[in-house]
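For reference, the chains in residue letters:
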Amino acid sequence: MSTSLLIVQFFNGLQLGILLFLVAAGLTLVFGVMDFINLAHGVQYMLGAYFSVTLYRITGSFFASVLLALPASMLFGLLLEVLVFRHLYERDHLEQVLATFGIILFLNQGVKIVWGAAPLNMPIPDALSGSVPLMDGLRYPVYRFAIIGAGVAVAVALYLFVTSTRIGMLVRAGATNAAMVSALGVDIKRLFMIVFGFGAMLAGFAGVMVAPILSVEPGMGDQILILAFVVIVIGGIGSIRGAFVAAVLVGVIDTLGRSFTTDMLRLFLSPSAARAIGPALASMAIYLLMAVVLAVRPAGLFPAKGRA
Amino acid sequence: MRMRHCLAGISLLATSVLGSSAGHAQELKIGIMAVLSGPQAVLGGQLRDGFNLGIKHAGGKLGGLATTVTVQDDELKPDVAVGKAKQLIERDKVDFVVGPVFSNILMAISKPITEAGVFLISPNAGPSPLAGKGCSPFFFATSYQNDQPPEVLGKYAQDKGFKKAFLLAPNYQAGKDMIGGFKKHFKGEIADEVYTPLGQLDFSAELAKIAAAKPDAFFVFMPGGMGVNLVKQYRQAGLDNIPFLSVFTVDEATLPAQQDAAVGFYSGMTWAPNTDTPENKKFVADFEKEYGYVPGSYAMQAYDAAMLIDSAVKAVGGKLDNKDAVRAALKKADFKSVRGPFKFNTNGFPIQDFYLVKVAKRPDGKFETQIVQKIFESYGDSHAKDCELK
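Bear in mind that the values here come from a model prediction, so they are computed numbers and not experimental data.

A. Spatial organisation of the overall build of chain A. Of regular secondary structure, chain A possesses eleven helices and two strands. Compactness check: chain A gives a C-alpha radius of gyration of 20 Å against a globular reference of 19 Å for 308 residues, within 12% of the reference. Each principal axis of the C-alpha atoms in chain A carries an extent, and together these give about 65 × 50 × 35 Å. When burial is assessed residue by residue, chain A has 52% of its 308 residues classed as buried. The contacts in chain A between residues at least 6 apart in sequence include a share of 76% that link residues at least 24 apart.

Next up, the structure:
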């Protein structure tokens, strides 16, 4: 274990964290403002990736497909909102979970029918296809820097939006007390629609950015949805700042855990025992983190003010 | 009213009893059990398509009998698979069950099917318990025993003189089996042996470890979408100067997504789409014409299963009631396999040649694996000695 490897792994963790933030940002917004558990966020992310693959086939340009996939994801999200979700805002969280879980099943199958079951390919755009040497023998794709850049840009933009604009103020108010905001004369239905469309767009954007480096296949959203929920629970529901900090934390701990747990165990266990336990412990690391955070601060690290 | 219901019930019962006993000798009923939903559905699809092409090439009649195929989706869930297997045996009364793709499903359904006296032909899964102590006279595999493909890469690495290897696999039984298979013939230094959680998407941490370890070769088992991610990220990280030895990571199911990233990477198998036999040329050409994609080993092995059943049913003249005769006919494997020489071991697993294969891009833009060199000839598996069958 050398210092350069440690630095590289830390950097990898940071990048994974920012990727998670891109996915979690929309989820925490929707959950925070509308108190709506949207399990379908994962399939919205998946659809963003699939839309970008199809748009790329049509336009031949990565950047065009990114720009077009965003409104496509938003429109699809609004379609789901009008058809299904808007009837569930008043309902129990469990019923929201059931309904959105049904959407997951339905869309996973639907995607298989439309695009087929085999994984699809999305190439990295030529402009971003170079790589820089990170350490001896290891190169780092420029595209991953683009993902980090996009994630940080989204984080900054969201933060400014939520703190410095009028709609952002309404979003924060809605996250604190939706009923009061409605009583003060704001069209809460329109606010919810805007928030939801925006959340869907964020999910789709994450899917588009990720498509060149990860496999585009039915069910690709399920694994990342679990990680996104872990992130928003640790960060505090409804808080963008919390989602960012938690995402980086989860990314770094997961990456460092996977890299070094087995080696650390080998210090005081036999190699075969370390190899047997290490991977299992490493994959548990982020859930242990979540348990610890919830025990110490049940509302998360940065709870939106006023939430119980 | 009750009289009419009674009469209807009795007549229904009568026709079903008459129907089943009369129809059974004239037609052949096959049940296919494969994963047809979820991320791995593409593999079950290949199995089904390969088998159906086999029936088509046999003129729609395997062994001269009109053949009906019932397809069941095991959803990659062992408990669901057992229920559907029972349906195939008890409700549909199939003569053969062909499937599944995954070994955990096979371990769940093999006992219920073989103990009911129905022949189970696996065109893919080949777990070691069924090759050794758990072997059954009703079980045959047209694929391989799971340990064998990784042994190909281990032998190649050893013969090529690689001194240090880095091993990577997902953290479940098949992952451990593949690593074990590689280590059987490779006697060099193991730089590191890393197990990742099933479904892991981002391999940056593991790729950094590989670069730090500077091995002579990299051996990996990363099936399905995980393999797509790994191959793309391996290439993007600039690690492709380290030879990429793999099993079930770069195959025709994942190549359409990996594309150029996988070109030049190695794998081990009994066959490749460019295997030079007349039967294979016909199989690959007709498969691509019928289904529009390049067949992988899953389709090939299912096709051979159809040919095997065809030869066995022909040999017993369509009389499937004498199970011993059917078994003897199956054991003969009196058909020309697309992969070349093929015969059965005492445990129902094949004895066949194994090759090192390499990913290449075809002139028509599609990707496939191609034969590089033969590594094992007439290679039986190491568990046959534990099987009591002769």
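B. Representation of the interface of chain B and chain A within the structure. Across the contact, 34 residues belong to chain B and 34 residues belong to chain A. Breaking the side of chain B that touches chain A down by element, the ones donating at least two residues are α2 (41-57), β8 (189-196), α8 (204-213), α9 (224-236) and α10 (255-258) of chain B. Looking at which element gives the most residues to the side of chain B that touches chain A, the answer is α8 of chain B, with seven residues. Grouping the amino acids of the side of chain B that touches chain A by side-chain chemistry returns 16 nonpolar, 13 polar and five charged.

C. Fine view of the nonpolar core. With 228 residues, the main nonpolar core has L20, A24, A228, V231 and A247 of chain A as its most contacted residues. The biggest single contributor to this core is helix α1 (residues 3-34) of chain A, with 16 residues. Each of domain 1 (2-144 + 276-352) and domain 2 (148-269) of chain B contributes no fewer than three residues to this core. If near-sequence neighbours (up to four positions away) are discounted, A247 of chain A is found in contact with G17, I18, L20, F21, A24 and V231 of chain A.

D. Inspection of the pairing of strand β5 (residues 119-122) of chain B at higher detail. All names here are of chain B. With burial as the criterion, each face of β5 is covered, one bearing F119 and I121 and the other bearing L120 and S122. Two strands pair when backbone bridges link them, and strand β4 (residues 96-98) and β5 are joined in this way by three bridges, in the parallel orientation. Residue pairing for β5: V97 is matched across the bridge by L120. Following the chain from β4 across helix α4 (residues 103-115) to the adjacent parallel β5, one finds a crossover that is right-handed. Across three bridges, the pairing between β5 and strand β6 (residues 139-141) is parallel.

E. Focus on the packing of α2 of chain B against helix α12 (residues 297-315) of chain B. Residue and element names in this part refer to chain B. It is at 7 Å that the axes of α2 and α12 come closest, and there the two elements cross at 35 degrees. Seen from above, α2 lies across α12 with right-handed handedness. Along the contact surface, α2 presents L43, Q46, L47, D49, G50, F51, L53, G54 and I55, while α12 presents Y298, A299, M300, A302, Y303, A305, A306 and M307. A class-by-class count of the residues in the contact of α2 with α12 yields 13 nonpolar, three polar and one charged.

F. Quick peek at the environment of D240 of chain B. Residues and elements named next belong to chain B. In this fold, D240 is placed in the loop between α9 and β10 (244-247). Along the chain, D240 and T254 lie 14 residues apart, while their C-alpha atoms are 18 Å from each other. Ignoring sequence-local partners within four residues, the contact set of D240 consists of Y234 and R235.

G. A look at the environment of V154 of chain A. Residues and elements named next belong to chain A. Note that V154 resides in helix α5 (residues 142-164). When the 21 C-beta atoms within 10 Å are taken as the criterion, V154 is described as buried. A C-alpha to C-alpha distance of 8.8 Å links V154 and L202, two positions 48 residues apart in sequence.

H. Structural context of the environment of Q96 of chain A. All names here are of chain A. The topology assignment puts Q96 in helix α4 (residues 93-115). Taking C-alpha positions, Q96 is 27 Å from V292, a pair spaced 196 residues apart along the chain. Not counting residues within four places of it along the chain, the set of residues in contact with Q96 comprises F36, I37, L88 and R91.

I. The confidence of the model for chain A, seen in detail. Per-residue pLDDT for chain A has a mean of 87; in total, 98% of the residues score no lower than 70. When the elements of chain A are averaged for pLDDT, strand β1 (residues 131-135) of chain A gives the smallest value, 80, and helix α2 (residues 41-59) of chain A the largest, 93.

J. The arrangement of the domain arrangement of chain B in detail. Residue and element names in this part refer to chain B. Domain boundaries in chain B define domain 1 (2-144 + 276-352) and domain 2 (148-269). Taking only C-alpha atoms, the centre of domain 1 and the centre of domain 2 are 32 Å apart. If you look at the interface, domain 1 gives twelve residues, while domain 2 gives nine residues. Mapped onto the side of domain 1 that touches domain 2, the elements with two or more residues apiece are α2 and α12. Considering each element in turn, the side of domain 1 that touches domain 2 owes the most residues, three residues, to α2. Residues that form the side of domain 1 that touches domain 2 fall into these classes: seven nonpolar, five polar and no charged.

K. Representation of the sheet that holds strand β2 (residues 61-62) of chain B within the structure. Residues and elements named next belong to chain B. Strand order in the open sheet formed by six strands is β2-β3-β1-β4-β5-β6, with mixed pairing between adjacent strands. Every interior strand has two partners, whereas the edge strands, β2 and β6, have only one. Inspection of the sheet shows strand β1 (residues 27-34) paired to strand β3 (residues 65-73) by eight bridges, in the parallel sense. Within β3, the position partnered with M33 by the bridge is Q72.

Definitions and limits used
- Residues numbered from 1 in each chain as written.
- Chains lettered and ligands numbered in written order.
- Predicted model: local features only at pLDDT ≥ 70, side-chain atom pairs only at ≥ 80, totals over all residues.
- Helix = DSSP H or I, 4+ residues; strand = E, 2+ residues; numbered from the N terminus.
- Rg over C-alpha atoms; globule rule 2.2 N^0.38 Å.
- Buried ≥ 20, exposed ≤ 12 C-beta atoms within 10 Å, placed from the backbone.
- Contact = placed C-beta atoms within 7 Å.
- Nonpolar A, V, L, I, M, F, W, Y, C, P; charged D, E, K, R; others polar.
- Core = buried A, V, L, I, M, F, W, Y, C linked by C-beta atoms within 7 Å.
- Domains from an automatic or database assignment.
- Pairing = 2+ DSSP bridges.
- Right-handed = clockwise from strand over helix to strand, strands pointing away.
- Axes fitted to C-alpha atoms, helices over the stretch in contact; angles between N-to-C directions.
- Left-handed = near helix turned anticlockwise from the far one by under 90°.
- pLDDT = per-residue confidence, 0-100.

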